[in-house]
Amino acid sequence: MALAAIADADGVPVHALVIQSSETGPAAGMVETIEETLEESGPEGSEATVINVAVPQWSTQIQGQVQSALVREQDINAVLPIYDSMALYAAPGIRQAAGSREVPIYTFNGTPSILRMVQDGEVAVNVAENPDWVAYVNMDVAFRAILGEEPIPGESGPIRLIDESNVAETGNPPESGKGFGDEYAAAYLELWGLS
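Scope of this entry: the structure provided in the associated data block.

About the thresholds
Residues numbered from 1 in each chain as written. Predicted model: local features only at pLDDT ≥ 70, side-chain atom pairs only at ≥ 80, totals over all residues. Heavy atoms only, no water. Core = buried A, V, L, I, M, F, W, Y, C linked by side-chain atoms within 4.5 Å. Buried < 20%, exposed > 50% of the residue type's maximum accessible area, 1.4 Å probe, protein only. Contact = heavy atoms within 4.5 Å. Axes fitted to C-alpha atoms, helices over the stretch in contact; angles between N-to-C directions. Helix = DSSP H or I, 4+ residues; strand = E, 2+ residues; numbered from the N terminus. Left-handed = near helix turned anticlockwise from the far one by under 90°. Nonpolar A, V, L, I, M, F, W, Y, C, P; charged D, E, K, R; others polar. Pairing = 2+ DSSP bridges. Arc of directions from axis to C-beta.

**Topic: the nonpolar core**
- In terms of nonpolar packing, the biggest core is built from 50 residues, with V66, L80 and I82 touching the most fellow members.
- When neighbours within four sequence positions are excluded, I82 is seen to be in contact with M1, V18, I19, Q20, S21, A27, M30, V31, I34, T107 and F108.

Structure below.
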C-alpha cells in the first residue's frame, strides 16, 4: 500500500493518513511497516499520521476522524486504511473534507465490495489476497507440523496489487479470490499426493 502511494505521488512527499485498529493482531506490524516504508522509500518529508478506530466503531467513527484529520492537516495526500472495509467509511470522509483535492485510498485485503470501489474509482489500490489460497497455505503448514517437519520460512499466499488497470480480472461484480488463477489447488493436491 505504502509503495503504491509513493509510486503514484511521483516524487512528492507522501503525507499518509493511516487508519488502524490497534486491538487486532496484525495492526502494530502493519503500521510499523507503513511508517518504515514511507521513511526509507518515500521522498524526503514523507510521513504518516496514524488514527485508531476499534473494529466495532468503524461505521460511527472513521468518517468523522478522517474528516477531522484532513481539515487539520491540509498536506495529507493519501489515506491508507490497514483493512479495506475501513474504506467504506473513509471515502465519504474524504469527499466531505477534501472534495477539492485528490486524496486517494490505498488499502489491503481484496474484499469484493472494496474491489467494486476500485472499479468505481473510489479506491486507488487494493493489495488483495486470495482467501482460498491462504487456506491451502494454512493446511500446508498444519500438515508439516503434524509430520514433525519444519514449516517453509515465510510461507504465505500471494498478494496482488489491484488497481484500475486490472480490477476487471476480479469479476463484475468482483468475487473473492478471483484474479489469482486456479492452478494452485491442483498443485497443492499433487504436492501432498491427494490427487
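After presenting the structure, the write-up continues.
**Remarks on the packing of helix 1 (residues 2–9) against helix 2 (residues 27–41)**
- Running from N to C, helix 1 and helix 2 cross one another at 35 degrees; their axes reach a closest spacing of 9 Å. Both helix 1 and helix 2 take part in a crossing whose hand is right-handed. Note on element contacts: helix 2 touches helix 1 through I34, T37, L38 and S41, opposite A2, L3 and I6.
- Grouping the constituent residues of the contact of helix 1 with helix 2 by class yields 5 nonpolar, 2 polar and no charged.

**Side note on the sheet that holds strand 6 (residues 159–162)**
- Overall, mixed pairing links the 3 strands, which are arranged 4-5-6 in an open sheet. The open sheet terminates on both sides in strands that have one partner only, identified here as strand 4 (106–109) and strand 6. On average, each strand axis in the sheet is tilted by 20 degrees relative to the strand beside it, whichever way the strands run.
- In terms of strand pairing, strand 5 (residues 125–129) meets strand 6 through 4 bridges, oriented antiparallel. Within strand 6, the residue paired with A128 across the bridge is R160.
- Most of the contacts of helix 5 (residues 112–119) go to strand 5, to which it runs at about 145 degrees, and overall it touches strand 4, strand 5 and strand 6.

**As for helix 7 (residues 183–191)**
- Those residues of helix 7 that fall on the buried side of the exposure criterion are Y184, A185 and Y188. Summarising the axial view, the buried residues of helix 7 lie within an arc of 100 degrees, below the 170-degree limit, and thus occupy one face. Of the residues in helix 7, the exposed ones pointing more than 90 degrees away from the buried face are E183 and E190.
- Taken together, the buried residues of helix 7 touch helix 6 (131–146).

**Thoughts on the environment of D75**
- With respect to the secondary-structure elements, D75 resides in the loop between helix 3 (58–72) and strand 3 (78–81).
- Residue classification places D75 among the partly exposed positions, given a relative accessible area of 36%.
- Along the sequence, D75 and V14 sit 61 residues apart, while their C-alpha atoms lie 8.7 Å from each other.
- The contact partners of D75, leaving out residues within four places of it in the chain, are H15 and E47.

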